[in-house]
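# Results of the structural survey
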Amino acid sequence: MAKQIQFSRNGGPEVLEIQEFTPQDPGVGEVQVENKAIGINYIDTYIRSGLYPTALPSGLGTEAAGVVIKTGAGVTGIKVNDRVVYAQSKPGAYSTLHNVAAEKVVQLPTAISFEQAAAAFLKGLTVHYLLRQTYEIQPEETFLFHAASGGVGLIACQWAKALGARLIGTVGSAEKAQRAKAAGAWAAINYRHENVVQRVAELTNNKKVRVVYDSVGKDTWEASLDCLQPRGLMVSYGNSSGPVTGVNLAILNQKGSLYVTRPSLDGYITCHDELVTASNELFALIACGAINVDVPERQKFDLSEVQKAHATLESRATQGSCLLIP
Ligand SMILES: NC(=O)c1ccc[n+]([C@@H]2O[C@H](COP(=O)([O-])OP(=O)(O)OC[C@H]3O[C@@H](n4cnc5c(N)ncnc54)[C@H](OP(=O)(O)O)[C@@H]3O)[C@@H](O)[C@H]2O)c1
C-alpha cells in the first residue's frame with residue numbers, strides 16, 4: 001500500500017500524519033514516480049505552519065528522486081524505469097508514490113544517486129538562480145550569504161568557490177562556521193556572538209558588499225541592508241526567523257539608494273527548458289566533485305519520522321540537507 005504524509009490543520013510538526021492511500025493513475029502530462037529519497041525544504045515548514053496558506057487537508061513536499069513506474073497520456077521523453085528527480089511538484093512528495101507533471105521532472109545522470117539528487121535539486125536550482133541570475137557573482141567578488149551551513153547554504157559555499165568568489169557566510173555556531181569554511185566559504189561570521197555589520201566592514205576594508213543573500217528574514221533584515229554598498233542589492237529569499245513585514249521604503253534611501261528583490265524558484269524556472277539548463281549546470285558540478293551533497297546518517301529520516309525531521313530542522317541543529325527515506 002502507498003503511504004503519504006498529510007496534515008489537516010496548521011501547526012507544529014505534530015500536525016503531520018502518515019497514512020495509507022490508493023494512488024490514482026497519472027493524469028495527462030504526468031508521470032508516477034516511486035520515490036527513493038525525498039528532499040526536506042524549509043519552505044515545507046512554512047506550508048505546514050500556515051505562514052504560506054494552503055487548502056487543507058493537504059500533502060506536503062515538492063521534491064524527490066526515484067524511478068518512473070507509470071506514464072500518463074501525452075508524456076514524451078520520459079519512460080517507465082527512468083531514474084529521475086523532480087522539484088516544484090504539486091504538494092505530496094512526502095510519499096512513497098507521487099504523480100508529477102512531466103515538465104517538472106529531469107533524468108538523473110547515473111553518476112548521481114537518488115539521495116544526492118533529492119539533497120541537491122531544489123536547493124541547488126535555488127543557488128543557481130541566486131548566484132547566476134538574480135545577481136551574477138563574478139570571480140574575486142566578495143558577498144554576504146546568510147545561514148551558510150544550511151541546505152541551500154552549503155551548496156552556495158561550494159558554488160561560490162567554484163566561481164572563484166569570496167562568500168562571507170553567517171552561521172549559528174562555531175561548528176557550523178568550520179563546516180561552511182570547509183565547504184568553500186572565504187570567511188564565516190557567527191551571528192549569535194559577532195556583530196555582522198562590523199565584521200563585514202572589517203573583512204572588506206570598509207568597502208562592504210554589492211549583494212547580500214538573506215534567507216533568515218526578520219532577524220537579519222536591517223543588518224543586511226547595513227552591509228551593502230551604495231546602490232547594492234538585497235536579495236531577501238526566505239523567512240527562517242520569520243517574515244520581513246512593515247518595511248518603510250524610505251529605509252532603502254537612508255541606507256544608500258539600495259535595491260531589494262524578493263525572488264522565488266518559481267519565478268526563475270518557468271518551463272522545462274529552463275529546468276534542464278539549470279539542472280545540467282548543477283549536475284556537472286556534482287559529478288565533477290565541486291559540489292558534495294552527501295547527507296550524514298543523522299539527517300536521514302524514515303518517512304514515518306517526519307515529525308522528528310521537521311522539529312530537528314527548525315531547531316537549527318542540522319548542517320546541509322535533510323532527507324526523508326520512504
Ligand atoms: N525563495 C526561494 O526560491 C527559496 C528556495 C529554497 C529555499 N529558500 C529559503 O532558504 C532558506 C534555507 O532553506 P533550507 O531548506 O536550506 O534550510 P536550512 O538553511 O537548512 O535551515 C534553515 C537555517 O536557517 C538558520 N536560521 C536562522 N534563524 C533561524 C530561526 N530563528 N529558526 C530556524 N532557523 C534559523 C539556521 O542556521 P543557523 O543556525 O546557522 O542560523 C537554520 O539551520 C529558507 O529560509 C528557505 O525558505 C528560498
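Residues numbered from 1 in each chain as written. Predicted model: local features only at pLDDT ≥ 70, side-chain atom pairs only at ≥ 80, totals over all residues. Heavy atoms only, no water.

### Here we look at the pattern of salt bridges
Under the counting rule described, the total for this entry stands at 15 salt bridges. One salt bridge connects Asp25 with Lys70, and the closest N-O pair in it is separated by 2.8 Å. Separated by 45 residues along the polypeptide, Asp25 in the loop between strand E2 (17-21) and strand E3 (30-40) and Lys70 in strand E5 (residues 64-71) bring together distant segments of the chain. The exposure class of Asp25 is exposed, given its relative accessible area of 55%. Note that Glu115 and Lys300 form a salt bridge whose closest N and O atoms lie 2.9 Å from each other. Of this pair, Glu115 sits in helix H2 (residues 114-134) while Lys300 sits in strand E15 (residues 300-302); the two residues are 185 residues apart in sequence, bridging distant segments of the chain. One network of salt bridges, in which partners are shared, links Glu115, Glu297 and Lys300. (Salt bridge = Lys/Arg side-chain N within 4 Å of Asp/Glu carboxyl O. Helix = DSSP H or I, 4+ residues; strand = E, 2+ residues; numbered from the N terminus. Buried < 20%, exposed > 50% of the residue type's maximum accessible area, 1.4 Å probe, protein only.)

### With respect to the layout of surface pockets
Size it by volume and the second largest pocket reaches roughly 340 Å³. What lines the second largest pocket is a set of 20 residues, among which Gln4, Phe21, Lys90, Pro91 and His98 lie closest to the centre. Looking at the lining of the second largest pocket residue by residue, the class counts come to five nonpolar, twelve polar and three charged. (1 Å grid on protein atoms, 1.4 Å probe; cavity = no way out; pocket = protein on both sides within 12 Å on 5 of 7 lines; lining within 4 Å. Points joined across faces, edges and corners; volume = space filled by probe spheres on them. Nonpolar A, V, L, I, M, F, W, Y, C, P; charged D, E, K, R; others polar.)

### Focus: the site of the ligand
Taken together, 30 residues form the shell around the ligand, and within it Tyr129, Val152, Lys176, Tyr191 and Arg316 come nearest. Within the backbone of Leu265, a nitrogen or oxygen atom sits 2.9 Å from an oxygen atom of the ligand. Taken by itself the ligand offers 900 Å² of open surface, and the protein chains cover 93% of this. Elements with a minimum of two residues in the shell around the ligand: helix H1 (42-49), H2, helix H3 (151-163) and helix H10 (306-314). The greatest single-element share of the shell around the ligand, amounting to four residues, is contributed by H2. Here the shell around the ligand is composed, by residue class, of 13 nonpolar, twelve polar and five charged. (Near = heavy atom within 4 Å. Polar contact = N/O pair within 3.5 Å; in protein donor to acceptor, adjacent residues only side chain to side chain. Areas by Shrake-Rupley, 256 points an atom, 1.4 Å probe, with all protein chains shown as cover.)

### Some remarks on the packing of H1 against H10
Look at H1 against H10: their axes get within 10 Å of each other, and the N-to-C directions meet at 110°. Between H1 and H10, the interaxial angle falls into the category roughly perpendicular. Crossing handedness for the pair H1 and H10: left-handed. Of the residues in H10, those in contact with Tyr42, Asp44, Thr45 and Arg48 of H1 are His310, Leu313 and Glu314. Across the contact of H1 with H10, the residue classes tally to two nonpolar, two polar and three charged. (Axes fitted to C-alpha atoms, helices over the stretch in contact; angles between N-to-C directions. Parallel < 35°, antiparallel > 145°, perpendicular 65-115°, else oblique. Left-handed = near helix turned anticlockwise from the far one by under 90°. Contact = heavy atoms within 4.5 Å.)

### Side note on the UniProt feature "domain: Enoyl reductase (ER)" (unreviewed entry) in the protein chain
Mapped onto this numbering, the UniProt entry gives "domain: Enoyl reductase (ER)" (unreviewed entry) at residues 11-324. Structurally, residues 11-324 comprises 32% helix and 24% strand, and the distance from its first C-alpha atom to its last is 20 Å. (UniProt positions renumbered as here; feature names shortened; annotations may be inferred.)

### A few points about the pairing of E3
With respect to burial, E3 is a largely interior element, nine of its eleven residues being buried. Alignment of E3 against strand E7 (residues 97-101), held across five bridges, turns out to be antiparallel. Bridge pairing in E7 places Val33 opposite His98. Of the strand pairs in this sheet, E3 and E5 are connected by seven bridges, and their pairing is antiparallel. Of the residues in E5, the one forming a bridge with Gln32 is Lys70. Of the strand pairs in this sheet, E3 and strand E16 (residues 322-325) are connected by three bridges, and their pairing is antiparallel. Counterpart to Ile38 in the pairing with E16 is Leu324. (Pairing = 2+ DSSP bridges.)

### Things to note about the packing of aromatic side chains
Aromatic rings in a pair are described by how distant their centres are and how their planes are angled relative to each other. For the coordinates displayed, the defined rule picks out seven aromatic pairs. With 4.3 Å between their ring centres and 10° between their planes, Tyr129 and Tyr268 make a pair best called stacked. Of this pair, Tyr129 sits in helix H2 while Tyr268 is found in helix H8 (residues 265-268), placing the two residues 139 residues apart along the sequence. Among the residues examined, Tyr268 registers a relative accessible area of 22% and is labelled partly exposed. The structure contains a cluster of three or more aromatic residues connected by ring pairs, namely Phe143, Phe145, Tyr213 and Tyr237. Stacked on the ring of Phe114, the Lys or Arg Arg83 has its end atom at 4.7 Å from the ring centre. When the ring centre of Trp186 is taken as reference, the NZ or CZ atom of Arg166 above it lies at 5.4 Å. (Phe/Tyr/Trp six-rings, centres within 6.5 Å; stacked < 30°, edge-to-face > 60°. Lys NZ or Arg CZ within 6 Å of the ring centre and 35° of its normal.)

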